[in-house]
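Fold and contact review
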Amino acid sequence: MIDPTGGDVLVLNVGSSSIKCAVFDSSLREVLRGGVEGLGPRARLQLGAARRDVDAPDHRGGLAALLEALEAQGVALNRLRVVGHRVVHGGPGLTQPAHITPQVRAEIARCTPLAPLHNPHHLAAMDALATLVPDLPQVACFDTGFHATNPQVALRYALPADLAEAGLRRYGFHGLSYGGVVRRLTALAGALPGRVLAFHLGNGASACAIRDGQSVATTMGYSPTDGLTMGTRSGSIDPNVVLRLAEERGIDGARHLLTHGAGLAGLSGGVSDMRALEARDDPASRFAIDHFIYWAQRHAGSLIAAMQGLDAVVFTGGIGENSAMIRAGILDGLTWAGARYDPDRNRRNAPRLHAKDAEVSVWVLPAEEEYMIAQAARDLLATV
Ligand code: ADP
């Protein structure tokens, strides 16, 4: 039986071959973080300081190993209050955190064609958890939800209405991270700046125009392949290039190239990792970095237009939080919009990069998707 007075919140981020987890106490302080990678015959578990190989051929096996390891490190399963899942795609209907009822589960399943590489794995984990810990309430938080406030002109492709109704429209992603940016920036700046240009730069990368705390435009669209140059995804590309690739390589070949063989990896000859690229000194690696920066600036111009101006720039994600070179490159192309930074603070990854009296403030903030999920799951449970 689950103890209703139990306080811990478990957050799960389930991918095709990995399960990442974080545990928060009742005050939403993070107490433990880890996961299982390489689901299959030789999966590897890491939780706090513990590391070991585990037999986890599938999501159920991975979760079972993870739950056992959590118990071994003092997180009693019957003290868990709720589990919050990151769900990549909620489609047009699921924009707010939701209890995973049979209806919500069915809706997430209906979104599978929109996120074939993600939603089936989220469902597998939800189903496995329901059998492993049947009394534990489960909540889904959607990466698409934050962008539901985009105006129709931003959401629609120039396609007939029946296709938009069938789901062929823009959604946007990294919404949990952008929600975290709003929360953290409000606390740090004292008040939320009106027009915020936020960059979430990791292996997947996007940017978002946030006006008065709401997303009004973002670079990812129908799928997380659109927009900025990414680790292995192409970013924006002419649809006729996609059609030609599909003709020449088949649909699966085209999808694989655009998702796993393009972006920084495609440009550099195989290196998708920004830190590794920065350490190299060959022309292709330098060009890949230049491409990343140039297209971040180009998209930034579009997002600034969508907000009719700029009051703050925020960087988050692995690259955004750690790469002084990339931040400097992007910001050097935004001086026309008033963004200026202190190079010393930039080198130190300081939270505040701008001079005190600057008109446009510039920030480096940690991505806190897990915290946002924990908070939403706990708050949703409190309302029942
Ligand atoms: P994901 O999208 O998979 O969550 P992350 O947000 O962890 O990815 O970001 C991973 C990216 O951050 C990689 O390209 C990695 O090289 C880059 N990165 C991490 N630390 C640094 C650093 N110190 N300098 C440059 N890039 C970094």
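All of these numbers come straight from a predicted model, not from anything done at the bench.

Now for the packing of helix H10 (residues 283-307) against helix H12 (residues 324-332). Running from N to C, H10 and H12 point in directions that differ by 45 degrees, and their axes come no closer than 9 Å. It follows that H10 is oblique to H12 by the angle criterion. In the crossing of H10 with H12, the sense of the turn from one axis to the other is right-handed. Between H10 and H12, the contacting residues are Ile289, Phe292, Ile293, Ala296 and Gln297 on the first element and Met325, Ile326, Gly329 and Ile330 on the second.

Looking now at the UniProt feature "binding site: Mg(2+)" (unreviewed entry) in the protein. In this structure's numbering, the residues bearing the UniProt feature "binding site: Mg(2+)" (unreviewed entry) are Asn13 and Glu369. Sequence-wise these annotated residues cover 357 residues; spatially they are packed, their C-alpha atoms never more than 9.6 Å apart. Note that Asn13 resides in strand S1 (residues 8-14). Overall, the relative accessible area of 18% leaves Asn13 in the buried class. By the element assignment, Glu369 lies in helix H14 (residues 369-382). The class of Glu369 is buried, set by a relative accessible area of 14%.

Pairing is mixed in the open sheet, where eight strands are placed in the order S5-S4-S3-S2-S1-S6-S8-S7. With partners counted over all chains shown, the strands left at the sheet margins are strand S5 (50-56) and strand S7 (98-99), one partner each. Pairing analysis gives six bridges linking strand S2 (residues 19-24) to strand S3 (residues 30-37), with the strands arranged antiparallel. Residue pairing across strands places Ile19 opposite Val36, the latter belonging to S3.

If you check the shell around the ligand, you find Gly202, Asn203, Gly204, Asp273, Met274, Arg275, Glu278, Gly317, Gly318, Ile319, Asn322 and Ser323 and nothing else. One nitrogen or oxygen atom from the main chain of Gly204 is found 3.5 Å from an oxygen atom belonging to the ligand. A distance of 3.3 Å separates an oxygen atom of the ligand from a polar backbone atom of Ile319. When contributions to the shell around the ligand are tallied by element, the ones reaching two or more residues are helix H9 (274-279) and helix H11 (317-322). Per element, the largest residue contribution to the shell around the ligand is four residues, and it comes from H11.

End to end, helix H6 (residues 175-189) covers 21 Å across 15 residues, agreeing with the expected 21 Å (1.5 Å per residue, within 8%). Among the residues making up H6, those that are buried are Gly175, Leu176, Ser177, Tyr178, Gly179, Gly180, Val181, Val182 and Leu185. One or two steps after H6, the chain reaches Gly190, where phi turns positive at roughly 95 degrees.

Another aspect to go through is a nonpolar patch on the surface. On the surface, Leu159, Leu163 and Leu168 cluster together into a nonpolar patch covering about 200 Å² of accessible area. Mapped onto the elements of the fold, Leu159 is located in the loop between helix H4 (152-155) and helix H5 (161-165). Overall, the relative accessible area of 36% leaves Leu159 in the partly exposed class.

Here is what the cut-offs are and how they apply
- Residues numbered from 1 in each chain as written.
- Predicted model: local features only at pLDDT ≥ 70, side-chain atom pairs only at ≥ 80, totals over all residues.
- Heavy atoms only, no water.
- Axes fitted to C-alpha atoms, helices over the stretch in contact; angles between N-to-C directions.
- Helix = DSSP H or I, 4+ residues; strand = E, 2+ residues; numbered from the N terminus.
- Parallel < 35°, antiparallel > 145°, perpendicular 65-115°, else oblique.
- Left-handed = near helix turned anticlockwise from the far one by under 90°.
- Contact = heavy atoms within 4.5 Å.
- UniProt positions renumbered as here; feature names shortened; annotations may be inferred.
- Buried < 20%, exposed > 50% of the residue type's maximum accessible area, 1.4 Å probe, protein only.
- Pairing = 2+ DSSP bridges.
- Near = heavy atom within 4 Å.
- Polar contact = N/O pair within 3.5 Å; in protein donor to acceptor, adjacent residues only side chain to side chain.
- Expected span 1.5 Å × (residues − 1).
- Patch = residues over 30% accessible without salt bridge, like charges linked within 9 Å, V, L, I, M, F, W, Y side chains within 5 Å.
- Areas by Shrake-Rupley, 256 points an atom, 1.4 Å probe, with all protein chains shown as cover.
- Salt bridge = Lys/Arg side-chain N within 4 Å of Asp/Glu carboxyl O.

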